[in-house]
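One-letter residues, chain by chain:
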Amino acid sequence: MNPGVSTWLFLLLLAAATAERSNVLFIVSDDLRTSLGCYGDTLANSPNIDQLASKSQVFLNAFAQQAVCAPSRTSMLTSRRPDTTRLYDFNSYWRVHSGNYTTLPEHFKSEGYYTMSVGKVFHPGIASNHTDDYPYSWSIPAYHPVSFRFEKQKMCKGEDGRLHANLLCAVNVTEQPGGTLPDLESTDEAVRLLKSRASDGAPFFLAVGFHKPHIPFRIPQVHESLFMVQPMQHVLCETCNSSEWKRTSPIRLNPSASFLMNWF
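Summarised in this report is the structure supplied together with it. These numbers were taken from a predicted model, which means no experiment stands behind them.

### A few points about the side chain of Asp 30
Stage number 1. Mapped onto the secondary structure, Asp 30 falls in strand 2 (residues 24–30).
Stage number 2. By relative accessible area, which is 1% here, Asp 30 ends up buried.
Stage number 3. Separated by 3.5 Å, the side chains of Asp 30 and Arg 73 make a polar contact.

In structure tokens, the structure reads:
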């Protein structure tokens, strides 16, 4: 997990299922910083987010609550600072370690909303009780894309024609397991849930968590031509801990397997 975790949050109010209460779509992207057109980045090609931002309140003064993912997400979703939750790592569940705090989706659920989670919303594992805080926060068990289990495996085709476990590579999605990628799966599931709830009389709260741009940067090839300012250099990771790799590579890793590029 990148130590410089930051999350990008949108609260999008959709057409109301009833005249009184609106449906809510909550979107969060792992490690996404403000390198977006709506924040003035002239290199970023982010038309969809920029269009949403043009109709939204854009906050210009925001901070990461903690330097790693789990306590930041716990802080955001319980509306309590890490100094209150006393959580600074990945190893504790707040309801046991800190207090039985009501979460954002749990509040909506208690108000009669049908709450759903897709992808990475709470940090998975012990930090959310290995259940993404179900059934407290969600009306149904959280959905996680099946293809995520391949995220750290050898999925990137190198110049030698073999598959490698790369930090950075563009892939032919049709050649990936299941013909998809984790965030594409999450998007499909989110669309399915939106359609399934469209005709229901009860209001809903749908949280969708995208894994990217968290490493590894395994992206569809189509984005290489749309977003790269220079040809992508595929970064092999089988030898990430070798002294030669550390000496010659333009990328530096820390013990948690996150990285910094020399030119950042």
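### What about the pairing of strand 6 (residues 166–171)?
Remember that side chains alternate between the two faces of the sheet whenever the strand is regular.
Stage number 1. Burial analysis of strand 6 places 6 of its 6 residues in the buried class, the great majority of the element.
Stage number 2. In the sheet, strand 6 pairs with strand 8 (residues 217–220) via 4 bridges, with the strands oriented parallel. By the bridge assignment, Ala 170 is partnered in strand 8 with Ile 219.

### Some thoughts on the packing of aromatic side chains
Stage number 1. What the rule picks out here adds up to 7 aromatic pairs.
Stage number 2. A ring pair is formed by Phe 26 and Phe 205, whose centres lie 5.9 Å apart and whose planes are at 40°; its orientation type is tilted. You can see Phe 26 sitting in strand 2 and its partner Phe 205 sitting in strand 7 (residues 204–210), a full 179 residues away along the chain. For the pair shown, Phe 26 and Phe 205 are each scored as buried.
Stage number 3. For the ring pair Phe 122 and Trp 138, a centre distance of 6.1 Å and an interplane angle of 75° mean the geometry is edge-to-face. Of the two residues, Phe 122 is situated in the loop between strand 3 (114–119) and strand 4 (156–157) and Trp 138 in the loop between strand 3 and strand 4; the sequence distance between them amounts to 16 residues.
Stage number 4. According to the relative accessible area criterion, Phe 122 is buried, its value standing at 1%.
Stage number 5. Exposure remark for Trp 138: the relative accessible area of 1% places this residue in the buried category.
Stage number 6. Taken together, the ring pairs connect Phe 26, Tyr 93, Trp 94, Phe 108, Tyr 113, Phe 122, Trp 138 and Phe 205 into an aromatic cluster.

### Observations regarding the state of the cysteines
Stage number 1. All told, the structure shown has 1 disulfide when counted by the stated rule.
Stage number 2. A sulfur-sulfur separation of 2.0 Å characterises the disulfide bridge that pairs Cys 156 with Cys 169. Between Cys 156 and Cys 169, the S-S dihedral sits near -45°, and the bridge is therefore left-handed. Of the two residues, Cys 156 sits in strand 4 while Cys 169 sits in strand 6, which places them 13 residues apart along the sequence. One exposure class covers both Cys 156 and Cys 169, and it is buried.

### Some thoughts on the nonpolar core
Stage number 1. Counting 16 residues, the largest nonpolar core has Phe 26, Leu 77, Trp 94, Trp 138, Phe 205 and Ala 207 as its most contacted members.
Stage number 2. Of all the elements in the fold, those that place two or more residues in this core are strand 2, helix 2 (69–78) and strand 7.
Stage number 3. With 3 residues, strand 2 is the largest single contributor of residues to this core.
Stage number 4. Beyond its immediate stretch of four places on either side in the chain, Trp 138 contacts Pro 105, Lys 109, Thr 115, Met 116, Ser 117, Val 121, Phe 122, Asp 132, Asp 133, Phe 205 and Ala 207.
Stage number 5. Counting 10 residues, the second largest nonpolar core, distinct from the first, contains Val 118, Ala 190, Leu 206 and Phe 210.

About the criteria used
- Residues numbered from 1 in each chain as written.
- Predicted model: local features only at pLDDT ≥ 70, side-chain atom pairs only at ≥ 80, totals over all residues.
- Heavy atoms only, no water.
- Helix = DSSP H or I, 4+ residues; strand = E, 2+ residues; numbered from the N terminus.
- Buried < 20%, exposed > 50% of the residue type's maximum accessible area, 1.4 Å probe, protein only.
- Polar contact = N/O pair within 3.5 Å; in protein donor to acceptor, adjacent residues only side chain to side chain.
- Pairing = 2+ DSSP bridges.
- Phe/Tyr/Trp six-rings, centres within 6.5 Å; stacked < 30°, edge-to-face > 60°.
- Disulfide = S-S within 2.5 Å.
- Core = buried A, V, L, I, M, F, W, Y, C linked by side-chain atoms within 4.5 Å.
- Contact = heavy atoms within 4.5 Å.

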